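Inside the fold
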Amino acid sequence: MNYSDLAPPYIRAIAPYQPGKLIAELERELGISGIVKLASNENPLGASPHAIAAMHKAINDIARYPDGNGFELKSALSQRYKIDTANIVLGNGSNDLLELSARAFLSVGDKAVYAAHAFAVYALATQAVGATGISVPATKDFGHDLPAMLQAAVQHQVKMVFIANPNNPTGTFLSAAELLEFMRALPSNILVVLDEAYNEYLPENLRYDAVSWLHKGNGEAVGNAAARGLHEFPNLIISRTFSKAYGLAGLRVGYALMHSEVADMLNRVRQPFNVNSVAQAAAVAALGDLDFVRQTCEMNQRGMVQVTQGLKKLGLQFIPSLGNFVCFKITHAEKKINAGKAYRQLLELGVIVRPVANYDMPDYLRVSIGLESENEKFLSALAQVLGEAV
Ligand SMILES: *Cc1c(COP(=O)(O)O)cnc(C)c1O
């Protein structure tokens, strides 16, 4: 017998997530060192020294179970975002929160909407609970088409909409005005998961405060509205992560902000100890280190200029990105090489980028912004790959 036959058909149909290649893995395969990994949108500066110190301290108590309620971390988040701790759910990475949202609200027969070329986990989380995903074709630069997503949500009796802003892997961005227009037009019995994994990287002039959308309501002062549990968008779930700008990807910690009743549902399906004690301690310290996040963003801005100018010099098109990564195009016709081949040749030169063919972007590769020297190494390896192909 095939054990796979024991699994429900919707589980068998899942195409597993494809992570970026690991440095250690490529080292083993090629027997080389000095590999540059620009494949998973990690922070090339590492993590805040305060977070590292907090982890060392937390290790001493590792025999104890973590605080299943995450009191310290929720308190810190509550102060930062002026929101009650009852509105916060912690996750083992924000990936966990995307899954918890799906598991709490979706089941067989339900439908969720997401955009084509959006972060792969929305489809995975939807499929894992037997719900049906509706992928809405993209607009300009592979970005989300919110009016079309609204149409799809209403027409197909959808229960949940996933939006990534900025989106990974495209780096495309929706303005606050576009998001608000969407939220106001959407029936409030449809939940919206707004994934803001790259929020910290947004430049000042594009920043918006989605958290305020949770608790501004009915013309009342924010404090009163919040105290009475009134929310402008009680159907909004905002997810954030410590994996990207905070540099804690290996620890797995994220959080989501939402109406307390929605939070209550996520907490019911959450593992009691889903965020480990070391991660909780590190996240509190990381949240307090605003300088580190600022340095990270400044370095990312410089690196983005370096990488995109380098791509231009090589005659390559790219999708303007507001994250810490950028997708660039390698068309076989012009360059005598395709994206898949270029990916493999870059590996041989010790540079790991990310293929995005599984995002229906077979002509593109995604590169994360690294340190200046890493970006340089990537650009010269790419020049070599293209040069040899001509
Ligand atoms: C990286 C990423 C995440 C989540 O990462 P975690 O490490 O699970 O917090 C979520 N959404 C998007 C769009 C991402 O790119």
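Keep in mind the model is a prediction, meaning the values are calculated, not measured.

Points about the sheet that holds strand β12 (residues 354-355)
The strand order β9-β10-β13-β12 describes an open sheet built from four strands, whose pairing is antiparallel. Unpaired on one side and paired on the other, β9 (318-319) and β12 mark the two borders of the sheet. Sheet analysis places strand β10 (residues 325-329) next to strand β13 (residues 364-368), joined by five bridges and oriented antiparallel. Following the sheet pairing, F328 is matched in β13 by L365. The sheet contacts of helix α13 (residues 290-313) involve β9, β10 and β13, and relative to β10 the element is tilted by about 5 degrees. Across the sheet, helix α15 (residues 339-348) lies against β12 and β13, angled at about 35 degrees from β13, the strand it touches most.

Regarding the site of the ligand
The local shell around the ligand consists of G93, S94, N95, F119, N168, D195, A197, Y198, T241, S243, K244 and R252. Between an oxygen atom of the ligand and a side-chain N or O atom of S243, the distance comes to 2.5 Å. For the ligand, the protein covers 93% of the area, taking 380 Å² as the surface of the free molecule. Of the residues in the shell around the ligand, the class split is three nonpolar, six polar and three charged.

Remarks on the pattern of salt bridges
According to the stated counting rule, one finds nine salt bridges in the structure shown. A salt bridge links K37 to E42; its shortest N-O distance comes to 2.9 Å. The residue K159 makes a salt bridge to D110 at a minimum N-O spacing of 3.1 Å. Of the two residues, K159 sits in the loop between α7 (146-155) and β5 (160-164) while D110 sits in the loop between α5 (94-105) and β3 (111-115), which places them 49 residues apart along the sequence. Within the structure, one salt-bridge network assembled from shared partners comprises K21, E25 and E29.

Criteria and thresholds
- Residues numbered from 1 in each chain as written.
- Predicted model: local features only at pLDDT ≥ 70, side-chain atom pairs only at ≥ 80, totals over all residues.
- Heavy atoms only, no water.
- Pairing = 2+ DSSP bridges.
- Helix = DSSP H or I, 4+ residues; strand = E, 2+ residues; numbered from the N terminus.
- Contact = heavy atoms within 4.5 Å.
- Axes fitted to C-alpha atoms, helices over the stretch in contact; angles between N-to-C directions.
- Near = heavy atom within 4 Å.
- Polar contact = N/O pair within 3.5 Å; in protein donor to acceptor, adjacent residues only side chain to side chain.
- Areas by Shrake-Rupley, 256 points an atom, 1.4 Å probe, with all protein chains shown as cover.
- Nonpolar A, V, L, I, M, F, W, Y, C, P; charged D, E, K, R; others polar.
- Salt bridge = Lys/Arg side-chain N within 4 Å of Asp/Glu carboxyl O.

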